[in-house]
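Take a look at the letters that make up each chain.
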Amino acid sequence: MASLGDIGVSAFINILSVFFFLLAFALLRLQPINDRVYFPKWYITGTRKSPRHSSRGNFVGKFVNLNFKTYLTFLNWMPQALRMSESEIINHAGLDSAVFLRIYLLGLKMFIPITILAILVLVPINVSGGTLFFLRKELVVSDIDKLSISNVQPKSEKFWAHISMAYLFTIWICYILYKEYDRVAFMRLHYLASQNRRVDQYTVVVRNIPHVSGHSISESVDHFFQNNHPDHYIGHQAVYNANKFAKLVRQRERLQNWLDYNQLKFERNPDKRPTRKSGFLGLWGERVDSIEFYKQQMKDLEKAMASERQRILKDPKSIMPVAFVSFDSRWGAAVCAQTQQSKNPTWWLTYWAPEPRDVYWRNLAIPFVSLSIRKLVISISVFALVFFYMIPIAFVQSLANLEGLEKVAPFLRPVIEMKVIKSFLQGFVPGLALKIFMYILPTVLMIMSKVEGHLSISVLERKAAAKYYYFMLVNVFLGSIVTGTAFEQLHAFLHQSPTQIPRNIGVSIPMKATFFITYIMVDGWAGIASEILRLKPLVIFHLKNMFLVKTERDREKAMNPGSVGLPETLPTLQLYFLLGIVYAVVTPILLPFILVFFGFAYLVYRHQIINVYNQEYESVAAFWPHVHSRIIASLLISHLLLFGLLSTKKAAHSTPLLVVLPILTIWFHKYCKSRFEPAFRKYPLEEAMERDRMEKTAEPNLNLKAYLADAYLHPIFQSFEDVEMGEIRVDKNQSHTTTFNQMSEHNTPSPSSPPHYVYHYEVEPGMRTDW
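Since the model is a prediction, treat every value here as computed from it, not as a measurement.

1. Section: the overall build of the protein
- Secondary structure summary: the protein contains 33 helices and six strands in total.
- Burial analysis of the protein (771 residues in total) assigns 51% to the buried set.
- Restricting to contacts in the protein with at least 6 residues of sequence separation, those with at least 24 account for 82%.
- Carbon and sulfur atoms make up 63% of the accessible area of the protein, which amounts to about 36,200 Å² in all.

Printed below as a string of structure tokens:
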């Protein structure tokens, strides 16, 4: 079990890592060659130009910053990150980014008073207990345990202080949560009210459109909404199953990259034509000219794409029972999106349409019947993943208990007992190993969420974040606390009384404080510092710049600013809230480490949001209710585990008072849910009507049909350059058509027949185009 000395070694290693990462970042960001890696946001907004252009007369100056005065202020990024106000961040990066930063401020507001009070009141009480001093011969006791509730003698009257603090901390956390929920809800409503017109405010996505014999999907949609929403319905856009075509597009992009690479290689060395083998992956076969090989591959692929395009246009099965339906007012769209459309509740399912950048086109082609099956399969898969991942987690925990490792492998004892190695193994390796095991999980869970069939990227990320949170709750928190292998844990939980589970886990909580301290330092200190260095994007940018970049446009593509990464960052944040709330009463010495994380992470992510990240969608803080709910869940978990822990201390007079806490917490959560959550789920008809009146007064001649025409047409039409434009050209002056997409499933265009009016799709800047 790690001692204070081991914690000190871990702190030294992690602080050294933080210093190294920050120093490397401060120096690398000053170099002109790295400017697009560390300031891509400003290049995207068009307000920054490469400093390499100003060094044309100096070859070295294009790559290295020769102005040595700038090195004296290499830490000025910190005050610069704090200079931009919240309203400026909203205008610069969106409301999602601003609310994401507020979560870190919430952690600081919540834990600064709690930390001060807990250390001043609870730590002296715990130290004066003296129980572990008398039991040090029977138990393996660390110095951290002497600062925890474990050091208080059973039946002690001192437990009244812990219970009082539990009540005080809960009241404070609920108060801060209420104020923050109120503030974020106001920010969301204000943002929606002050925004310019957006296409998703007038559009509803409809799923599970019933098949009517003898009628196309477009005809069915048109007929249904003309009958049921006659005053506000103005048209719809059909959805095409273009997933196979999308694979061909991605394949073409890969071939184009290889062709560009070989042409660039030949341009640099004209005396030697690049060659490759014609077999699979160039591993075998006849050696051929690479440029000609990829040109021929491109020609063959273009033929396949042309054939697939024609199939999509002609095959009635390519049109899916999904449509984007548009209305002439926000009020009409709100009524449709928030009401049941049919007597059969499984038909004509309506939802608010996500903004065009947020649509995940691939999942629109999933049949409604398969969605329930997919969700069931993914739920089982997530459970299996969470459970079987306990095996490597249990191995990681064995590293923190070297006594057990010595029993299993006694030949390692001489090495393990060396002071430096022992401190390194107990103070640093467990947290690092757990961080490595968790690295690939967000990608796996995101794939699972995509399989479930959600329609928007924002929902996909929230679902992936929920899975990751449950995973961290079970494996990182509970799995780190409960001893034994995964199968022993499952057997114990299944064969013991449910009332014993909080008791058994509560006993183990103080003993694992040292592990969580090391984990916080590795993940929350060094991990956050590595985030600002952006080592992976830096290496990839320079590799692309070296081999693939030929034009300024290629260089912009190579920047890859990325986004905040909510599927990973939100669950991690929620884990720190859980650790802080649970250990506030049990082992308060853990709280300063969490405070350092919240303060440092706020500074780093503020800098990244201002200068780096380019959020690919705007959900208007739709993730906030999930953050609030999981902090409430952390409160409930802390109450149950403290109840179980005190029951082992035989505090029979004081422990029953804890029963009131979860009841009050649940009541508070239900109140907040009914008071604030509708602002995140519904659009008030009063607000919609007011916005419509203002718009009609300001723009009485506004042509909404023309404005909405191209908004949700499938991105497949971007790639129809060689198709007859009569098939896909927009004619916004056509007044005889009601729907945006008059392509019949049974009538395909021919040279002798009039063209079908299908709106041409043009990509908005920054719009996501994968499907």
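2. A short note on the pattern of salt bridges
- Applying the stated criterion across every chain, the model contains 18 salt bridges.
- For Glu 699, the salt bridge identified is with Arg 197, shortest N-O distance 2.3 Å. Here Glu 699, found in the loop between α31 (685-698) and α32 (704-708), pairs with Arg 197, found in the loop between α8 (159-194) and β1 (203-207); they are 502 residues apart in sequence, far enough to count as distant.
- The partly exposed category is assigned to Arg 197, whose relative accessible area is 22%.
- One salt bridge in this structure joins Glu 308 and Arg 311, with 2.7 Å as the shortest N-O distance. Taken together, the positions of Glu 308 and Arg 311, both in helix α11 (residues 290-314) and three residues apart, correspond to about one turn of that helix.
- Among the charged side chains, a salt-bridge network with shared partners connects Glu 86, Arg 102, Lys 109, Glu 180 and Arg 183.

3. Let's talk about the side chain of Asp 358
- Mapped onto the elements of the fold, Asp 358 is located in the loop between β6 (349-352) and α13 (368-388).
- Summary of buried charges: Asp 358 has no salt-bridge partner, and the nearest side chain of opposite charge, Arg 462, is 6.4 Å away.
- Within the local environment of Asp 358, its side chain forms a polar contact with the side chain of Ser 458, the two groups lying 2.7 Å apart.
- Dropping the residues within four chain positions of it, Asp 358 is found in contact with Leu 455, Ser 456, Ile 457, Ser 458 and Tyr 617.

4. Some remarks on unusual backbone geometry
- With a phi close to 50°, Trp 348 is a non-glycine residue in the positive phi region.
- Positionally, Trp 348 belongs in the loop between α12 (330-337) and β6.
- Within the chain, Ala 621 stands out as a residue other than glycine whose phi angle is a positive 60°.
- When its relative accessible area of 0% is taken as the criterion, Ala 621 is described as buried.

5. Details of the side chain of His 669
- Summarising the element assignment, His 669 is placed in helix α29 (residues 660-676).
- In this structure His 669 touches His 628, Ser 629 and Ile 632, once residues within four positions along its chain are discounted.

6. Points about the nonpolar core
- Membership of the largest hydrophobic core comes to 140 residues, with the highest contact counts inside it found for Phe 100, Phe 111, Phe 477, Leu 579 and Phe 598.
- At 15 residues, the largest contribution of residues to this core is made by α8.
- The contacts of Phe 100, once residues within four sequence positions are left out, are Val 564, Leu 566, Thr 569, Leu 570, Leu 573, Tyr 605, Ile 609 and Phe 623.
- With 31 residues, the next largest nonpolar core counts Phe 245, Met 298, Met 305 and Ile 312 among its residues.

7. Notes on the sheet that holds β6
- Spatial strand order, β2-β5-β1-β6: four strands in an open sheet with antiparallel pairing. Of all the strands in the sheet, the pair left with one neighbour each is β2 (233-240) and β6. For this sheet, the mean angle separating the axes of adjacent strands, direction not counted, is 30°.
- In this sheet, strand β5 (residues 319-327) lies alongside β2 in antiparallel orientation, the contact comprising six bridges.

8. Regarding the packing of helix α20 (residues 457-481) against helix α28 (residues 624-648)
- Contact pair α20 / α28: the axes reach a minimum separation of 12 Å and the direction vectors enclose 15°. As summarised for this structure, α20 and α28 are arranged roughly parallel, according to the angle between their axes. In this structure, α20 crosses over α28, and the sense of that crossing is right-handed. Residues Arg 462, Ala 466, Tyr 469, Tyr 470, Leu 473 and Phe 477 of α20 lie in contact with α28, whose contacting residues are His 626, Arg 630, Ala 633, Ser 634, Ile 637 and Leu 641.

9. Side note on the state of the cysteines
- If you walk through the whole model with that rule in mind, you get zero disulfides.
- Cysteine Cys 672 is unpaired, with the sulfur of Cys 174 as its nearest cysteine sulfur at 7.7 Å.
- On the accessibility criterion, Cys 672 (0% relative accessible area) is buried.

10. Quick notes on the packing of aromatic side chains
- By the definition in use, this model includes 35 aromatic pairs.
- Between Phe 224 and Trp 348, the aromatic rings sit 4.0 Å apart at their centres with planes inclined by 5°, giving stacked as the arrangement. A residue pair is termed long-range when its members are at least 10 positions apart, and Phe 224 in helix α9 (residues 217-228) and Trp 348 in the loop between α12 and β6 qualify at 124 residues. This pair shows no difference in class: Phe 224 is buried, exactly as Trp 348 is.
- A ring pair is formed by Trp 258 and Tyr 294, whose centres lie 6.2 Å apart and whose planes are at 5°; its orientation type is stacked. Separated by 36 residues along the polypeptide, Trp 258 in helix α10 (residues 243-268) and Tyr 294 in helix α11 bring together distant segments of the chain.

11. A look at helix α26 (residues 566-586)
- With 21 residues, α26 ought to run about 30 Å at 1.5 Å a step, and its terminal C-alpha atoms sit 30 Å apart, in line with that.
- Within α26, 20 of the 21 residues are buried, leaving the element largely enclosed by the surrounding structure.

12. Quick notes on a nonpolar patch on the surface
- Taken together, the side chains of Leu 535, Val 539, Leu 543, Met 546 and Phe 547 make up a nonpolar region of the molecular surface, amounting to roughly 450 Å² of accessible area.
- Judged by its relative accessible area of 43%, Leu 543 is partly exposed.

13. Details of the packing of helix α23 (residues 513-533) against α26
- Running from amino to carboxyl end, α23 crosses α26 at an angle of 150°, the nearest separation of the two axes being 12 Å. The crossing of α23 and α26 is left-handed. Contact with α23, carried on its side by Ala 513, Phe 516, Tyr 519, Ile 520, Asp 523 and Gly 524, involves Thr 572, Leu 575, Tyr 576, Leu 579 and Tyr 583 of α26 and no other residues of that element.

14. Description of the confidence of the model for the protein
- Residue-level pLDDT values for the protein average 79, and 77% of them are 70 or greater.
- Low pLDDT, under 50, characterises residues 132-140; the predicted model gives this stretch ten contacts beyond four residues in sequence or across chains.
- Across residues 484-489 the pLDDT falls below 50, and counting only partners more than four positions away or on other chains, this stretch makes 13 contacts in the model.

15. Some points on the pairing of β1
- Counting buried positions along β1 yields five of five residues, so the element is predominantly enclosed.
- Here four bridges tie β1 to β6, and the two strands are oriented antiparallel to one another. The partner of Arg 207 across the bridge, within β6, is Leu 349.

16. Description of helix α6 (residues 95-127)
- Here α6 is 33 residues long and its end C-alpha atoms lie 46 Å apart, about the 48 Å a rise of 1.5 Å per residue gives.
- A bend of about 35° at Ala 118 is the largest found in α6.

17. Side note on the environment of Leu 313
- Turning to its location among the elements, Leu 313 is positioned in helix α11.
- Exposure remark for Leu 313: the relative accessible area of 6% places this residue in the buried category.
- In the structure, Leu 313 is positioned 73 residues away from Tyr 240 in sequence and 9.0 Å away in space, judged by C-alpha atoms.

18. A closer look at the environment of Ile 15
- Considering the arrangement of structural elements, one finds Ile 15 in helix α1 (residues 4-28).
- Look at Ile 15 and you get partly exposed, because its relative accessible area is 49%.
- Distance from Ile 15 to Met 521, taken between C-alpha atoms, is 8.3 Å for residues 506 residues apart in sequence.

Conventions and cut-offs
Positions within a chain are numbered from 1, following the residues in the order the chain's sequence is written. Where totals are concerned, whole chains, interfaces and linings use all residues; where local detail is concerned, this predicted model gives features only for residues with pLDDT of at least 70, and gives and counts side-chain atom pairs only at 80 or more. Only hydrogens and water are removed before side-chain values are computed, so all heavy atoms of the structure are retained for them. In this description a helix means any DSSP run of H or I spanning at least four residues, a strand means any run of E spanning at least two, and both kinds are numbered starting from the N terminus. Only protein chains enter the area calculation, which uses a 1.4 Å probe; residues under 20% of their type maximum are buried, those over 50% are exposed, and those in between are partly exposed. Contacts are residue-level and defined by heavy atoms, with any inter-residue pair within 4.5 Å sufficient. Computed with the Shrake-Rupley method and a 1.4 Å probe, the accessible areas treat only the protein chains shown as cover for residues. What counts as a salt bridge is simple: a side-chain nitrogen of Lys or Arg found within 4 Å of a carboxyl oxygen of Asp or Glu. Neither His nor the chain ends contribute to the count of charged residues, in which Lys and Arg are positive and Asp and Glu negative. Counted as a polar contact is a pair of N or O atoms within 3.5 Å, where, for protein atoms, one must be capable of donating a hydrogen and the other of accepting one, and residues adjacent in sequence contribute only when both atoms are in side chains. Only buried residues count toward a nonpolar core. Its members are Ala, Val, Leu, Ile, Met, Phe, Trp, Tyr and Cys residues joined through side-chain atoms within 4.5 Å. Each pair of strands is called paired provided DSSP finds at least two bridges between the two strands. Between N-to-C directions, angles span 0 to 180 degrees; the directions come from axes that are lines fitted to C-alpha atoms, helices contributing only their stretch in contact. Each angle is binned into one of four classes, with values under 35 degrees roughly parallel, values over 145 roughly antiparallel, values of 65 to 115 roughly perpendicular, and all other values oblique. Here is the rule for handedness: rotate from the far helix to the near one, and if that takes an anticlockwise turn smaller than a right angle the crossing is left-handed, while a clockwise turn gives right-handed. Note that a disulfide, as used here, is simply two cysteine sulfur atoms within 2.5 Å. Ring pairs are drawn from Phe, Tyr and Trp, using the six-membered ring of Trp, whenever the two centres fall within 6.5 Å, and their geometry is named by plane angle: stacked under 30 degrees, edge-to-face over 60, tilted for the rest. By this rule the span expected of a helix is its residue count minus one, scaled by 1.5 Å. To count toward a patch, a residue needs a relative accessible area over 30% and no salt bridge; like charges are then connected within 9 Å, while nonpolar side chains (Val, Leu, Ile, Met, Phe, Trp, Tyr) are connected within 5 Å. Scored between 0 and 100, pLDDT is the confidence that the predictor attaches to each residue. By definition, a residue's bend is the angle between the axes fitted to the seven residues ending there and the seven starting there.

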